[in-house]
Amino acid sequence: MLMARGYFITLEGGEGAGKSTQARRLAAALAAAGMPVLRTREPGGAPGAERIRDLLLSPGSWDSLTEAMLHFAARREHVVRSIRPMLEAGAWVICDRFADSTLAYQGAGQGLAYETWARLCDLTLEGLQPDLTLILDLPVEAGLARAAGRSAADRYEKLGADFHARIRAGFHDIARREPARCVVLDAARDAEAVYAAIVETLRQRLGAKL
Ligand code: T5A
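Residues numbered from 1 in each chain as written. Predicted model: local features only at pLDDT ≥ 70, side-chain atom pairs only at ≥ 80, totals over all residues. Heavy atoms only, no water.

Peer 1: What should I look at first to understand the site of the ligand in this one?
Peer 2: Neighbouring residues of the ligand: 26 residues in total, closest Lys 19, Ser 20, Thr 21, Thr 102 and Arg 150. Taking Thr 21, its side chain carries an N or O atom lying 2.5 Å from an oxygen atom of the ligand. Starting from 1,000 Å² of accessible surface for the ligand in isolation, the protein chains cover 83%. At the level of secondary structure, the elements contributing two or more residues to the shell around the ligand comprise α1 (19–32), α2 (47–57), α3 (64–88), α4 (99–109) and α6 (140–150). (Near = heavy atom within 4 Å. Polar contact = N/O pair within 3.5 Å; in protein donor to acceptor, adjacent residues only side chain to side chain. Areas by Shrake-Rupley, 256 points an atom, 1.4 Å probe, with all protein chains shown as cover. Helix = DSSP H or I, 4+ residues; strand = E, 2+ residues; numbered from the N terminus.)

Peer 1: Sorry, what's going on with the packing of α3 against α4 here?
Peer 2: Packed helix pairs are specified by the crossing angle of their axes together with the interaxial distance, meaning the distance between the axes. Where α3 meets α4, the axes come as close as 11 Å, and the angle between the chain directions of the two elements is 170°. One finds that α3 runs roughly antiparallel with respect to α4. Where α3 abuts α4, its residues Glu 67, Ala 68, His 71, Phe 72 and Arg 75 lie against Ala 99, Thr 102 and Gln 106. (Axes fitted to C-alpha atoms, helices over the stretch in contact; angles between N-to-C directions. Parallel < 35°, antiparallel > 145°, perpendicular 65-115°, else oblique. Contact = heavy atoms within 4.5 Å.)

Peer 1: Just checking my understanding: could you explain the environment of Arg 41 for this structure?
Peer 2: Tracing the sequence through the fold places Arg 41 in strand β2 (residues 37–41). Using a relative accessible area of 33% as the deciding quantity, one classes Arg 41 as partly exposed. The spacing of Arg 41 and Arg 97 is 56 residues in sequence and 6.1 Å in space, taken between C-alpha atoms. If near-sequence neighbours (up to four positions away) are discounted, Arg 41 is found in contact with Glu 50, Arg 53, His 78, Cys 95 and Asp 96. Polar side-chain contacts of Arg 41 include one of 2.7 Å to the side chain of Glu 50. (Buried < 20%, exposed > 50% of the residue type's maximum accessible area, 1.4 Å probe, protein only.)

Peer 1: What should I look at first to understand the pairing of β2 in this one?
Peer 2: Each regular strand carries side chains that alternate between the two faces of the sheet. A one-sided burial pattern is seen for β2, the buried positions being Leu 38 and Thr 40 and the unburied ones Val 37, Arg 39 and Arg 41. Examined bridge by bridge, β2 and strand β3 (residues 92–96) share five bridges and lie parallel to one another. Residue Leu 38 lies in a different strand from β3, and its bridge partner there is Val 93. (Pairing = 2+ DSSP bridges.)

Peer 1: Can you walk me through the pattern of salt bridges in this structure?
Peer 2: A side chain of one charge can pair with a side chain of the opposite charge if their charged atoms are brought near each other. A full pass over the atoms with the stated rule returns 13 salt bridges. The residue Arg 181 makes a salt bridge to Asp 100 at a minimum N-O spacing of 2.7 Å. Placement of the pair is Arg 181 in the loop between α7 (161–177) and β5 (182–186) and Asp 100 in helix α4, with a sequence separation of 81 residues. Considered together, Arg 181 and Asp 100 belong to a single accessibility category, that of buried residues. Of the charged contacts, one joins Arg 203 and Glu 200 as a salt bridge, the two residues approaching to 3.6 Å between their closest N and O atoms. Placement of both Arg 203 and Glu 200 in helix α8 (residues 191–206) is noted, with a separation of three residues, approximately one turn of the helix. Overlapping salt bridges, with partners in common, bring together Asp 100, Glu 178 and Arg 181 in one network. (Salt bridge = Lys/Arg side-chain N within 4 Å of Asp/Glu carboxyl O.)

Peer 1: How do you make sense of the sheet that holds β5 when you look at a structure like this?
Peer 2: Pairing is parallel in the open sheet, where five strands are placed in the order β2-β3-β1-β4-β5. Two strands lie at the open edges of the sheet, namely β2 and β5, each paired on one side alone. Looking at each pair of strands side by side, their axes are set apart by 20° on average, direction ignored. Running over the sheet, α8 touches β1 (8–13), β3, β4 (132–137) and β5 and is turned about 155° from β4.

Peer 1: Quick question: what am I supposed to make of the side chain of His 71 here?
Peer 2: Its place among the elements puts His 71 in helix α3. Assessed through its relative accessible area of 9%, His 71 is described here as buried. At 2.9 Å, the side chain of His 71 and the side chain of Tyr 156 are in polar contact. Not counting chain neighbours up to four residues away, the residues in contact with His 71 comprise Pro 43, Leu 56, Thr 102, Gln 106 and Tyr 156.

Here it is in structure tokens:
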């Protein structure tokens, strides 16, 4: 892999879609090719953001705007302290979830208006957008079964199949709205096949020589 600059790549999708698995593999391949790389996640990715993550994933309920603002507060810390400095240093940033997750979960899932989400993006991200977003798509039941096999359900995983179906549809809407940035990949395949599709997408979209 010989690239002059790093890219900001986000992995999105529902529960158990395989984002963490693929983010690990992609980051390892980039690092093995000698590229500086940050693999990170949301909510989290910076000390203050990890503290907000604990609030968001532990039992309880929030007003929906409060919840969205907590995600954006965590994201702001993450962007300012981790993502922007690494991008400015020329690193690739591979991020497990980003602002699209708020649009899918708090928007399609919990009713937050698109305009409110867009205002929060303007306020907190100052124009930062991923160069490429990989949306890992699979049937809700399959994703929840994978997530259940990995660990105990967190607050979002417990919200039921209808909620998760709205999230899946929400990610499809995002991909339709922004085809230049987003690619939907079939994540129901085995991990090897999904990774091959990711590599092919990076070659086509970013000219990567992985
Ligand atoms: N959230 C997050 C919001 O509501 N709003 C927001 O703005 C943001 C940023 C985060 C929660 O917060 C919500 C969304 C989430 O509910 P989390 O713990 O970070 O919680 O959860 P997820 O991001 O959903 O991560 P998961 O671990 O559940 O899913 P992944 O990362 O997609 O899946 P992964 O790679 O951990 O794989 C899960 C299991 O499946 C296996 C793995 O080995 C693992 O056991 N697996 C496969 N099995 C078969 N075939 C494949 N292709 C496989 N790929 C992985």
